[in-house]
Amino acid sequence: MRFGLIYELQLPRPWDANSEHQLVQQALAEVEVADRLGLDYVWANEHHFLEEYSHNSAPEVFLAAAAGRTKQIHIGHAVVLSPPGYNPPARVAERMAMLDLVSSGRAEWGTGSSASRAELEGFNIDPALKKLMWAEATEQTANMMVMAPYPGFKGDYFSMPARNVIPKPLQKPHPPIWLACSNRETIHVAARNGVGALAFAFVDPTEAAKWAGEYYEIIKSDQCVPIGHSVNANIAMATGFSVHHDEAEAIRRGGEGFQFFGFALGHHYVYGDHIPGVTNVWERFERGRDAMPPAVGNGIGTPTQLIERLTQYQDAGVDQVIFVQQAGRNT
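In this text, all values refer to a predicted model and were calculated from it rather than measured experimentally. (Residues numbered from 1 in each chain as written. Predicted model: local features only at pLDDT ≥ 70, side-chain atom pairs only at ≥ 80, totals over all residues. Heavy atoms only, no water.)

Overview of the pattern of salt bridges
Working step 1: Applying the stated rule across the entire model yields 13 salt bridges.
Working step 2: Linking Arg69 and Glu32 is a salt bridge whose minimum nitrogen-to-oxygen distance equals 3.2 Å. Here Arg69, found in helix α2 (residues 59–69), pairs with Glu32, found in helix α1 (residues 19–37); they are 37 residues apart in sequence, far enough to count as distant.
Working step 3: Judged by its relative accessible area of 35%, Arg69 falls in the partly exposed class.
Working step 4: Each member of the salt-bridge network shares a partner with another, and the members are Arg184, Glu207, Lys210 and Glu214. (Salt bridge = Lys/Arg side-chain N within 4 Å of Asp/Glu carboxyl O. Helix = DSSP H or I, 4+ residues; strand = E, 2+ residues; numbered from the N terminus. Buried < 20%, exposed > 50% of the residue type's maximum accessible area, 1.4 Å probe, protein only.)

Side note on the packing of helix α3 (residues 89–102) against helix α5 (residues 130–146)
Working step 1: It is the contact of α3 with α5, at a shortest axis distance of 9 Å, that shows an interaxial angle of 50°. On the basis of the axis angle, α3 is oblique to α5. For α3 against α5, the interelement crossing comes out right-handed. Of the residues in α5, those touching α3 at Pro89, Ala90, Val92, Ala93 and Met96 are Ala137, Thr141, Met144 and Met145.
Working step 2: Class assignment of the residues belonging to the contact of α3 with α5 gives a composition of eight nonpolar, one polar and no charged. (Axes fitted to C-alpha atoms, helices over the stretch in contact; angles between N-to-C directions. Parallel < 35°, antiparallel > 145°, perpendicular 65-115°, else oblique. Left-handed = near helix turned anticlockwise from the far one by under 90°. Contact = heavy atoms within 4.5 Å. Nonpolar A, V, L, I, M, F, W, Y, C, P; charged D, E, K, R; others polar.)

Description of the side chain of Asn193
Working step 1: Its place among the elements puts Asn193 in the loop between α6 (184–192) and β8 (196–199).
Working step 2: Excluding residues within four positions of it along the chain, Asn193 makes contact with Trp134, Val225, Pro226 and Ile227.

Examining the sheet that holds strand β4 (residues 107–112)
Working step 1: Strand order in this closed barrel of eight strands is β1-β2-β3-β4-β7-β8-β9-β12, and the pairing throughout is parallel. Sheet twist, expressed as the average angle between the axes of neighbouring strands with direction ignored, equals 30°. (Pairing = 2+ DSSP bridges.)

Listed below in structure tokens is the structure:
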């Protein structure tokens, strides 16, 4: 089993003029340490307008800096928002190829369509069409990385004339493709399209075993029709992360941050009434924190506890565990 770190670049209020600069520089320093320690992946998500939850609107820039500071860790663009209203497919092909060249073939191409109203409405994306947009754009972006020249395309959601999209990636035919998955349905979508599943749903090992089993059943069947030019059979699952020889200290250091991660996710994606530039998500979190369940289990605890839990994920068929450490006010 492999291990990764993910960076939403969370920044709870209050902020000052230097907060975002400090956030980015500290995250890059952490990635350097992760590379030296032998972690396998660093992931960074593309998000827009999700104040406090994610200040990572240009992860390809962050990841290029990370690539320049590291030697072996895979450089995962966890989600490139695929609907053309966010990113024209040709620009995605160009950016991913360049990231692959900069990192000497370590790039991983995560895809997704987003689910928050702030992002969808901010870029005028029709939620009812976003999955169809993802499929069309992802398939054509893969073609652009492989074909020389790309013959052009006239589709339902974007069109472009024949062009040779350059540069081409170092990895052939293209960097491994992944899909962000929040439930079993999208796990199945990933498998049917022959792409890796980035499961950001925080499920326990028992549920993980069901997801992984179903994923690999589809991958091995004739239901799997690759959307790209290769199959990336991989399932990765995320968990909180804070480890110390004293369990109480591990929870003290990392529990609150992981609780905020879940709260802010719910705020922006489910129940939050957010006024841009005004709403203080951290204050709302603090008011409701006493009613939240404690952040224990999975990746928070002692080394012995983590080894036991991670072994359960491995036995469940999970290929990679992605640690959420940069969360809330974790230092």
